[in-house]
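Tertiary structure, described
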Amino acid sequence: MTAQLKPDTSLPGSTAGSAIWGDRKEIIGLLAISLLTIICFYPVDQKEFTNWDDQTFITQNQLLRDFSPVGLWGIFSSHDNYLYMPLTTLSRALIYHIMGPEPSAFQWFNLLLHVINLVLVYVLFRGLTAGKNIALITCLLFAVHPWRTEPVSWTIGGVYLLSTTFFLAALIQYLKFLRDHQWKYYWVSLLATTGALLSSFYAVSLPLVIVLVDMLRHRPLTKRILLEKLPFFGISVLFGIIAVVVMEEPGSLQKARSFTEGILFGAYGYIHYIYQFLWPLNLSAFYPYPDQQQEWLPWIYYAAPLLMLGVLGLSIFYGKTGRLWAWGMLLYSVSILLFLKFSFLDPYGKYIAADRYTYIPSLGLSFAAAVLFDQMISRLSFKQRSYKIPLYIGLGIFAMILVVVSYQRNKIWQNSETLWTSVIEAYPRVRLAYNNRANHRLYRQNNFEQAMKDYNKAIEIAPKYAPAYLNRGNAYSMTNQYDKAMADFDRSISLDPGNYKAYSNKGNAYWMQQRLPEALQAYNKALEIHPENKSTLVNRGNVLTSLGQYEKALADYHKAIKLYPDYASAYFNRGNFYKDTGRPELAIRDFNRTLQLDPEHKQAWWGRSHTYYTLGQYPNALQDALNAQKLGYPIEPSYIELLRKNQ
């Protein structure tokens, strides 16, 4: 089979066995780009997890807690919050296991991956073109563009980075296969493709990019070459099916309003990304859809299909005379297609574009820009060589603008306040931004007044926005304004009857008022919608305990622990149940597990202290009481004195 392959010398300097790495100047250039990249994205001090999916995928993600063989099997055999990305989840679990829930650990890991990727980008395009200027400029534009701040600075952005690492490795190995004609590189490329898709469905365009590589190499479309591509497409289709199957969260697939709008939105995204690549000064972590209450969309949406066709037409027209530039634009087009809003079933329905989706597609735009610059330089005659200096100065100025903007944008990821404030400054009518900033102000800053202003603003912008009513209801409950809270919970339910959180929080409000039958009814409704919600199970167990329905209460605690073996609150509340029902040994066991999972659970220290006291184990009771007191739990001095006397 190997004998059938012929050396590929379709591009100047692309000879079999040619070295990928260049001379010392190239290596110095690559090191300089790496240093600039680290400067751009150096983590800001005192960064926090944001309230935009960081809890879902990291701080509250049970898959990250268990690093045993059983836990590792769970990572690969189940989805992670409706996404199948086991290698990404495994990397997060490893970071969590070594460093704990420290946001800086995840951000440093992201930065490391990005530096690795920029090196792989250089290797890839050096091998594709055998042109060091094109490879270095492509690498520079890719590495320091402000688009990179979102996947690098966002703690969960590593999903795009890790997938791209395998993506680039697969292409590099495929190039080696074409260059050296050894099938071992083909199989390594196929293995890396699998790794990319095990990291994220984001890499699904990889087989199409491999076809583009064949086009660039002028490989004829023979039966053998088609068969060569089948495994790549087969793996991609398989993971595409898996992605659709696991994406079952209610509301995750949203339908476009009409066929026409699907065309307009998709084309707009295509042009939007090209514009922002060239003019990255109006970036945002959230790009909302246009106000669809208006009769007409902004003019750019109607112009976008024509502009898109124009770009594609130029790519085809210059396919022969400007083959490298056209190839770069095709690379962009193929890899961004999945994330454009053409589809009627839109899994990313809250926003029309996102900077993180450009991580792979920007390779095409960076390459096309590098090719244009290189062609301008190479076409200058000997007499015009003095013009090269201004061109290089212009490139340097553009690169420094990218560095400065990236450095500044990195700061918006410091916490939820800075993140959502930046979105509001860019798009003052994004309801999600006000809602999420309000949550941060309420729960992290204890600033009820400012939180209420944001909740009210979100409702003013979108009177039918159910989450804002739900969260404002929680704020009212926290300040004992129960009538207002119930009104907001009921409004949220009327707007979104399938939202179990509204029923669950309504149950919490009833419970705080000691209206136990009403609380039980609300919890029952929440669990009817979402039978496996852990906090609702535990809360219903507490209400059932108060109502004297002990067997049903214990069943709820058992179910919560069975579903979520690392849920500390379930063990704590079951421990309290055992303590109050005269089973101290079982209570001690559950308090032990609680403190193993959460050593700063002051109520558990107090609960175990009291249980030890009933067992006559006064030294243990004293030590636990002192630990609870150290963590801020109010303990009567007389209790401490009593324990000391009984030692």
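Definitions and cut-offs
Residues numbered from 1 in each chain as written. Predicted model: local features only at pLDDT ≥ 70, side-chain atom pairs only at ≥ 80, totals over all residues. Heavy atoms only, no water. Helix = DSSP H or I, 4+ residues; strand = E, 2+ residues; numbered from the N terminus. Buried < 20%, exposed > 50% of the residue type's maximum accessible area, 1.4 Å probe, protein only. Contact = heavy atoms within 4.5 Å. Areas by Shrake-Rupley, 256 points an atom, 1.4 Å probe, with all protein chains shown as cover. Patch = residues over 30% accessible without salt bridge, like charges linked within 9 Å, V, L, I, M, F, W, Y side chains within 5 Å. Salt bridge = Lys/Arg side-chain N within 4 Å of Asp/Glu carboxyl O. pLDDT = per-residue confidence, 0-100. Disulfide = S-S within 2.5 Å. Axes fitted to C-alpha atoms, helices over the stretch in contact; angles between N-to-C directions. Left-handed = near helix turned anticlockwise from the far one by under 90°. Nonpolar A, V, L, I, M, F, W, Y, C, P; charged D, E, K, R; others polar. Expected span 1.5 Å × (residues − 1). Core = buried A, V, L, I, M, F, W, Y, C linked by side-chain atoms within 4.5 Å. Phe/Tyr/Trp six-rings, centres within 6.5 Å; stacked < 30°, edge-to-face > 60°. Lys NZ or Arg CZ within 6 Å of the ring centre and 35° of its normal.

**Quick notes on the overall build of the protein**
A count of helices and strands for the protein gives 30 helices and two strands. Dimensions along the principal axes, computed over C-alpha positions, put the protein at roughly 95 × 55 × 50 Å. A burial count over the protein gives 53% of its 647 residues as buried. When contacts within the protein are restricted to residue pairs at least 6 apart in sequence, those whose partners lie at least 24 apart make up 69%. Put simply, the protein shows about 30200 Å² of open surface, and 61% of that area lies on carbon and sulfur atoms.

**Section: a nonpolar patch on the surface**
Taken together, the side chains of Tyr275, Leu278, Trp279, Leu281, Ile389, Ile393, Ile397 and Ile401 make up a nonpolar region of the molecular surface, amounting to roughly 820 Å² of accessible area. Among the secondary structure elements, those contributing two or more residues to the nonpolar patch are α12 (259-278) and α16 (388-410). Counting residues per element, the nonpolar patch draws most heavily on α16, which supplies four residues. Counting through the fold element by element, Trp279 comes out in the loop between α12 and α13 (299-317). Residue classification places Trp279 among the partly exposed residues on the basis of a relative accessible area of 45%.

**Considering the confidence of the model for the protein**
The predicted model of the protein has a mean per-residue pLDDT of 88, with 91% of residues at 70 or higher. Taken as a whole, residues 1-21 scores under 50 in pLDDT and shows 48 contacts with residues more than four places along the chain or in a different chain. Per-residue pLDDT stays below 50 along residues 249-253; that stretch engages in seven contacts with residues further than four places along the chain or on separate chains.

**A closer look at unusual backbone geometry**
Phi angles above zero are rare outside glycine, and Tyr82 is one such case at about 70°. The topology assignment puts Tyr82 in the loop between α3 (69-77) and α4 (86-99). Residue classification places Tyr82 among the partly exposed residues on the basis of a relative accessible area of 27%. Positive phi outside glycine occurs at His181, with the angle close to 60°. Summarising the element assignment, His181 is placed in the loop between α8 (158-180) and α9 (183-199). The exposure class of His181 is buried, given its relative accessible area of 12%.

**A word on the environment of Lys602**
Position of Lys602 relative to the elements: it lies in helix α28 (residues 602-614). Through-space distance from the C-alpha of Lys602 to that of Ala399 is 52 Å; in sequence the pair is 203 residues apart. With residues up to four places along the chain from it excluded, the contact list for Lys602 reads Ala628, Leu631, Gly632 and Tyr633.

**Here we look at the pattern of salt bridges**
Summed over the entire model, instances satisfying the criterion amount to 23 salt bridges. Across the pair Asp454 and Arg437 runs a salt bridge whose closest N-O atoms are separated by 2.8 Å. Here Arg437 lies in helix α18 (residues 431-443) and Asp454 lies in helix α19 (residues 448-461), a separation of 17 residues in the sequence. Because the salt bridges share partners, they merge into one network encompassing Asp214, Arg219, Arg224, Glu228 and Lys229.

**A closer look at the state of the cysteines**
In a disulfide, the sulfur atoms of two cysteines are covalently bonded to one another. This model, assessed by the stated rule, comprises zero disulfides. Of all cysteine sulfurs in the structure, the one in Cys139 sits closest to Cys40, which takes part in no disulfide; the separation is 12 Å. Judged by relative accessible area, which is 0%, Cys40 ranks as buried. Note on Cys139: relative accessible area 0%, which makes it buried.

**Overview of the packing of α12 against α13**
In a packed pair of helices, the relevant descriptors are the angle between the two axes and the axis-to-axis distance. Where α12 contacts α13, the two axes come as close as 8 Å, and the packing angle between them is 65°. Between α12 and α13 the crossing geometry is left-handed. Across from Ile263, Leu264, Phe265, Ala267, Tyr268, Tyr270, Ile271 and Ile274 in α12, the residues of α13 making contact are Ile300, Tyr301, Tyr302, Ala304, Pro305, Leu307, Met308, Val311 and Leu312. Taken together, the residues that form the contact of α12 with α13 break down as 17 nonpolar, no polar and no charged.

**Thoughts on α19**
Helix length check: α19, at 14 residues, gives a terminal C-alpha distance of 20 Å against a target of 20 Å (1.5 Å per residue), a fit within 8%. Turning to α19, its buried residues are Ala451, Met452, Asp454, Tyr455, Ala458, Ile459 and Ile461. Looking at the buried side of α19, the elements it contacts are α18 and α20 (466-478).

**What about helix α15 (residues 361-378)?**
The end-to-end C-alpha distance of α15 is 26 Å, a good match for the 26 Å that 18 residues give at a rise of 1.5 Å each. On the buried face of α15, the contacting elements are α5 (103-129), α6 (132-144), α8, α12, α14 (323-336) and α16.

**Observations regarding the side chain of Arg574**
Checked against the element boundaries, Arg574 lands in helix α26 (residues 568-580). The exposure class assigned to Arg574 is buried, which follows from its relative accessible area of 8%. When residues no more than four places from it in sequence are discounted, the contact partners of Arg574 are Leu554, Tyr557, His558, Ile561, Arg589 and Asp590.

**Focus: the nonpolar core**
In this structure, Trp52, Phe125, Tyr270 and Trp327 are the most contacted members of the largest nonpolar core, which totals 141 residues. What Tyr270 contacts, discounting residues up to four positions off in sequence, is Met308, Val311, Leu312, Tyr332, Ser333, Ile336 and Leu340. Leu554, Tyr557, Phe572 and Ala628 belong to the second largest nonpolar core, which has 56 residues in total.

**Considering the packing of aromatic side chains**
Taken as a whole and assessed by the stated rule, the structure comprises 38 aromatic pairs. Aromatic pair Tyr270 and Tyr332: ring centres 5.0 Å apart, planes at 50°, arrangement tilted. Highlighted residues: Tyr270 in helix α12 and Tyr332 in helix α14, separated in sequence by 62 residues. For the pair formed by Tyr270 and Tyr332, the shared burial category is buried. Three or more aromatic residues joined by ring pairs form one cluster here, namely Trp52, Trp154, Phe286, Tyr351, Trp413 and Trp420. If you follow Lys534 out to its NZ or CZ, it ends over the ring of Tyr567, 4.7 Å from the centre.

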